[in-house]
Amino acid sequence: MDLENKVKKMGLGHEEGFGAPCLKCKEKCKGFELHYWRKICRNCKCGQEEHDIPSSNEEDRKVGKLFEDTKYTTLIAKLKNDSNPMYKRNVMILTNPVPAKNISVDTVTYEWAPPVQNQTLARQYMQMLPKEKQPVAGSEGAQYRKKQLAKQLPAHDQDPSKCHELSPGEVRHMEQFVKKYKKEALGVGDVKLPGEVEVRAPDESNLKNGGGRGTSSAVGAMDKKTPNQKAESQYCCYHCKLKMKEGDPAVYAERAGYDKLWHPGCFVCYTCGELLVDMIYFWKNGNLYCGRHYCDSERPRCAGCDELIFSNEYTLAEGQNWHLKHFCCFDCDCVLAGITYIMVNDKPVCKSCYMKNHAVICQGCHNAIDPEVQRVTYNNFNWHATQECFLCSCCSKCLIGQKFISMEGMLFCSVECKGKMMS
């Protein structure tokens with residue numbers, strides 16, 4: 001099957017965001033065009049999350065599917081004529097009168113807010129997040145949330161239909177894996193005031209995962225303290241270890257047990273340190289993870305297609321895992337088995353593509369320098385390490401092993417030669 005037919009086979013999913021500008025590469029990218037099996041733009045090689053793709057229902061469908069068959073079904077809804085569950089984001093709109101001659105209203109819309117009934121508590125939570133990460137519509141924070149949704153919760157980590165050519169056995173293994181992490185690790189944070197929470201012991205059935213759902217049994221050591229003593233000494237953030245300020249909201253993770261709590265800005269992934277988008281977490285061995293890094297801790301991930309590997313056979317190269325069919329040139333997609341390749345920005349490139357797209361140019365002969373031959377590099381300029389190329393720009397004396405003077409890519413064996421050339 002040729003490339004054009006493969007792209008057609010992938011269907012409308014590859015049309016989403018087509019032509020969207022890259023926020024990272026700016027005008028260098030011709031516009032977003034999804035590779036037929038890599039999760040990147042064919043033009044600039046950046047991920048989909050780096051492009052300014054207009055918001056759609058896809059992200060809400062993805063999160064809705066994640067919560068399907070879990071205790072978090074209150075956060076999803078099914079639309080008419082659509083069997084796919086949709087994420088019911090809690091959008092918060094704050095309206096503040098602005099004093100002026102003509103009465104005007106200042107409205108702030110948060111694209112997501114913690115699903116609590118107390119709007120004052122939700123507002124406090126938002127104000128405790130770094131300003132650049134507050135998901136106010138049209139702001140840098142909204143863009144950050146959108147990027148983290150794509151990065152932390154990739155659809156291809158939970159939905160076999162979003163993966164490239166899985167075998168029936170791989171689909172079965174993936175479905176079992178997803179079912180297991182929904183049962184044992186997935187959770188959504190709760191925002192509450194510390195004094196309102198009854199501390200509960202972890203459920204023993206989940207202790208193997210470093211914590212569990214709270215039970216109704218209270219921890220007596222806390223009940224013996226007065227409210228003031230609790231506020232002063234008991235409530236410390238599990239992440240930064242600093243004391244919580246009285247009256248400030250805290251985030252709880254049910255799977256961790258209600259004896260642990262976090263500042264809103266400290267509810268982050270153990271691996272990447274980023275805020276857990278929409279407080280969606282995975283709990284393992286006493287730590288919070290985003291979906292991506294939890295899955296990485298459980299399964300190898302292909303460095304080519306970014307999908308988790310469920311086949312028994314895969315390869316390890318350059319410190320990364322690859323599906324056998326995906327250890328390919330990053331430029332032309334030719335399979336690299338038995339072929340010379342060069343790593344460029346941690347991506348393998350065949351020698352032909354390297355010479356055409358990435359090789360440095362010799363200042364002497366102005367030809368690309370083969371990666372397997374010796375070269376001389378000085379002040380970001382390069383030369384073949386030969387008598388024909390690495391020589392004085394004035395008298396043509398070979399400079400290999402000799403002292404030299406460099407000026408704007410030209411080489412001189414002496415001050416005299418430099419003076420002659422400059423005059």
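These remarks concern the structure in this document. (Residues numbered from 1 in each chain as written. Predicted model: local features only at pLDDT ≥ 70, side-chain atom pairs only at ≥ 80, totals over all residues. Heavy atoms only, no water.)

## A look at the overall build of the protein chain
Phase 1: Per the secondary structure count, the protein chain includes 10 helices and 19 strands.
Phase 2: The 423 residues of the protein chain split such that 42% are buried.
Phase 3: For the protein chain, the share of sequence-separated contacts (at least 6 apart) that also reach a separation of at least 24 residues comes to 44%.
Phase 4: About 23200 Å² of surface is accessible on the protein chain, with carbon and sulfur atoms providing 49% of the total. (Helix = DSSP H or I, 4+ residues; strand = E, 2+ residues; numbered from the N terminus. Buried < 20%, exposed > 50% of the residue type's maximum accessible area, 1.4 Å probe, protein only. Contact = heavy atoms within 4.5 Å. Areas by Shrake-Rupley, 256 points an atom, 1.4 Å probe, with all protein chains shown as cover.)

## Remarks on the state of the cysteines
Phase 1: Taken as a whole and judged by the stated rule, the model has 0 disulfides.
Phase 2: In this structure C266 is a free cysteine whose sulfur lies 3.8 Å from that of C237, the closest cysteine sulfur available.
Phase 3: Left unpaired, C395 is separated from the closest cysteine sulfur, that of C413, by 3.6 Å. (Disulfide = S-S within 2.5 Å.)

## Concerning the environment of G419
Phase 1: Relative to the elements of secondary structure, G419 occurs in helix α10 (residues 415-422).
Phase 2: In sequence terms G419 and C394 are 25 residues apart; their C-alpha atoms lie 9.5 Å from each other.

## Concerning unusual backbone geometry
Phase 1: For E165, which is not glycine, the phi torsion reads 55° and is therefore positive.
Phase 2: Looking at the element boundaries, E165 is found in the loop between α4 (140-152) and α5 (168-184).
Phase 3: Residue D346 is not a glycine yet carries a positive backbone phi of 70°.
Phase 4: Take D346: it is sitting in the loop between β14 (341-344) and β15 (347-350).
Phase 5: The exposed category is assigned to D346, whose relative accessible area is 58%.

## Considering the side chain of R255
Phase 1: Assignment of secondary structure puts R255 in the loop between β9 (250-252) and β10 (280-284).
Phase 2: One buried charged residue, R255, remains without a salt bridge, the closest side chain of opposite sign being E254 at 6.7 Å.
Phase 3: Separated by 3.4 Å, the side chain of R255 and the backbone oxygen of E184 make a polar contact. (Lys, Arg positive; Asp, Glu negative; His and termini not counted. Salt bridge = Lys/Arg side-chain N within 4 Å of Asp/Glu carboxyl O. Polar contact = N/O pair within 3.5 Å; in protein donor to acceptor, adjacent residues only side chain to side chain.)

## Here's the deal with the pattern of salt bridges
Phase 1: Counted under the stated rule, the structure contains 21 salt bridges.
Phase 2: The residue E50 makes a salt bridge to K147 at a minimum N-O spacing of 3.2 Å. Of this pair, E50 sits in the loop between α1 (3-10) and α2 (58-67) while K147 sits in helix α4; the two residues are 97 residues apart in sequence, bridging distant segments of the chain.
Phase 3: The salt bridge involving D259 is made with K260; its shortest N-O contact spans 3.6 Å.
Phase 4: Exposure remark for D259: the relative accessible area of 42% places this residue in the partly exposed category.
Phase 5: Accessibility expressed as a relative area gives 15% for K260, which makes it buried.
Phase 6: Each of E58, R61 and K162 takes part in one network of salt bridges that share partners.

## Considering the nonpolar core
Phase 1: F67, W262, F267 and F282 are the most contacted members of the largest nonpolar core, which totals 61 residues.
Phase 2: Setting aside anything within four residues of it in sequence, one finds W262 in contact with C237, Y238, H239, M244, A250, V251, A253, A256, F267, W283 and L288.
Phase 3: I40, I342, V344 and A359 belong to the second-largest nonpolar core, a separate cluster that totals 15 residues. (Core = buried A, V, L, I, M, F, W, Y, C linked by side-chain atoms within 4.5 Å.)

## As for the pairing of strand β16 (residues 375-378)
Phase 1: Inspection of the sheet shows β16 paired to strand β17 (residues 381-384) by 4 bridges, in the antiparallel sense. Considered in β17, the bridge of T377 is made with N382.
Phase 2: Following β16, the chain reverses through 2 residues before pairing antiparallel with β17; N379 in that reversal takes a positive phi of roughly 50°. (Pairing = 2+ DSSP bridges.)

## Side note on the environment of E408
Phase 1: Following the sequence through the fold, E408 ends up in the loop between β18 (405-407) and β19 (410-412).
Phase 2: Spatially, the C-alpha atoms of E408 and N379 are 8.9 Å apart, while their sequence positions differ by 29 residues.

## Re the packing of aromatic side chains
Phase 1: Across all of its chains, the model carries 21 aromatic pairs by this definition.
Phase 2: On the basis of an interplanar angle of 50° and a centroid distance of 5.9 Å, the ring pair of F67 and Y72 is categorised as tilted.
Phase 3: Overall, the relative accessible area of 0% leaves F67 in the buried class.
Phase 4: By relative accessible area, which is 10% here, Y72 ends up buried. (Phe/Tyr/Trp six-rings, centres within 6.5 Å; stacked < 30°, edge-to-face > 60°.)

## Side note on the environment of V268
Phase 1: Structurally, the position occupied by V268 is in the loop between β9 and β10.
Phase 2: Once the C-alpha coordinates of V268 and L288 are considered, the two residues, 20 residues apart in sequence, prove to be 7.0 Å apart.
Phase 3: Every residue in contact with V268, bar those within four places of it in the chain, is listed here: H239, G273, E274, L275, L276 and L288.

## Quick notes on the sheet that holds strand β5 (residues 186-188)
Phase 1: Taken in spatial order, the 3 strands make up an open sheet running β5-β10-β11, and their pairing is antiparallel. For this open sheet the edge positions go to β5 and β11 (287-289), each flanked by a neighbour on one side alone. For this sheet, the mean angle separating the axes of adjacent strands, direction not counted, is 45°.
Phase 2: Along the sheet, α2 makes contact with β5 and β10, crossing β10 at roughly 40°. (Axes fitted to C-alpha atoms, helices over the stretch in contact; angles between N-to-C directions.)

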